[in-house]
Amino acid sequence: MKGRDAGATAGLALLLLGAALASLALGDAFLRPMAVVRALAGRGDDLARTVVWSIRLPRTLVGMAVGAGLAASGVAMQAFFRNPLASPGLLGVSAGGALGAVAVLAAAAVGQVQAGIWTVPIASVLGAFLATGAVVALARRGATPEHLLLSGVALNAVFGAGTSFLLAVSAGQFQVSGQILFWLMGGIENRTWEHVAIGLPGVLLGCALLLPLGRSMNLLSLGEPSAQSLGVDVRRLRWQLIVLSTLLTALATAVGGVVGFVGLVVPHLLRLGFGPDHRRLLPLSMLGGAALVLLCDLPTRFLPGGLRLGVMTALLGGPFLLWMLRRNPC
């Protein structure tokens, strides 16, 4: 089993490396792989170094952070709800983050705030954490997974309505409407080193804090009484999973907009292939999620029609969800 785990980790690491190299090489200006390597080392011609370091490397790092964060958050949510159909958006985190970002963009349009490069991501993170706080407050009397889920469904509807209202109000201001739609469709175009600084350290921290919880998540899958009898503080573990999942989803939404299905597709596929052990599933999902986002981002550079990262992940994740439901009907 250890050899199989090492092989899976190595395979996904190579897939991620290949996706990252493709992300750095492909675009309006094609760069050969060796030109990319030389540019990363600070050698080669000035154009290649500028393209790699100023344009594509930030985009690639942000994509990896978004994918790893959403996939790890998906594992945490599936462990929390003990359901492979759970995903990071269940508690309204993504909807809250989207509403925070859209509210700032709409306010900037009428001169109420200055929408700097940090303003929208920070508003998105705050909106995501406020959403989780609201869900927990609504379900406080009986904070079971079922109560949290139903509260999240309700808040998803409320936040979605708020976002739609702001979009409708801004419909006459085409630049603002375009920015809002750009955000809601998800994407990692035009990312800068500031976006890397916003997203990457927090995602790395959240993933690092999740990894030691793998054994406890395994025991939780046996049921709360069994986990409690085996020494797991179930209440504390649930809080840890909620907070870390919110952090990872909030940061991913802050720097990449609304990108769906990554937290659903990646953990479930890897669970089917390598089993439910969270000590193995967590690191594999982080690698797989990062690779998936980079691979889904590649077609957006060439295909016409405003194809965005969120559209690509939805085109992949929607049929996958239908297949899952057909395979395991409710």
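Relevant structure appears above.
Rules and cut-offs
Residues numbered from 1 in each chain as written. Predicted model: local features only at pLDDT ≥ 70, side-chain atom pairs only at ≥ 80, totals over all residues. Heavy atoms only, no water. Helix = DSSP H or I, 4+ residues; strand = E, 2+ residues; numbered from the N terminus. Rg over C-alpha atoms; globule rule 2.2 N^0.38 Å. Buried < 20%, exposed > 50% of the residue type's maximum accessible area, 1.4 Å probe, protein only. Contact = heavy atoms within 4.5 Å. Areas by Shrake-Rupley, 256 points an atom, 1.4 Å probe, with all protein chains shown as cover. Lys, Arg positive; Asp, Glu negative; His and termini not counted. Charge placed at Lys NZ, Arg CZ, Asp CG, Glu CD. Salt bridge = Lys/Arg side-chain N within 4 Å of Asp/Glu carboxyl O.

A.B. asks: How do you make sense of the overall build of the chain when you look at a structure like this?
C.D. replies: Of the regular secondary structure elements, the chain holds 14 helices and zero strands. Along the chain, from the amino end to the carboxyl end, the secondary structure elements read α-α-α-α-α-α-α-α-α-α-α-α-α-α. Here the C-alpha atoms of the chain give a radius of gyration of 20 Å, agreeing with the 20 Å that 2.2 N^0.38 yields for 330 residues. Sorting the 330 residues of the chain into buried and exposed places 50% on the buried side. Within the chain, contacts between residues separated by at least 24 positions form 76% of all contacts whose residues are at least 6 apart in sequence. Accessible surface for the chain amounts to roughly 15200 Å². Of this, 68% is attributable to carbon and sulfur atoms. Computed over 23 positive and 11 negative side-chain charges, the separation of the two mean positions in the chain equals 6 Å.

A.B. asks: For this particular structure, what's the right way to read the pattern of salt bridges?
C.D. replies: Pairing is possible between side chains that carry opposite charge, provided their charged atoms lie close to one another. Summed over all chains, the structure comprises six salt bridges. In this structure, the salt-bridge partner of aspartate 46 is arginine 49, at a minimum N-O distance of 2.3 Å. Taken as a pair, aspartate 46 and arginine 49 lie in helix α3 (residues 46–81) at a separation of three residues, close to a single helical turn. Relative accessible area serves as the criterion here: at 25%, arginine 49 is assigned to the partly exposed category.

Function-wise, these values are silent; they only describe arrangement.
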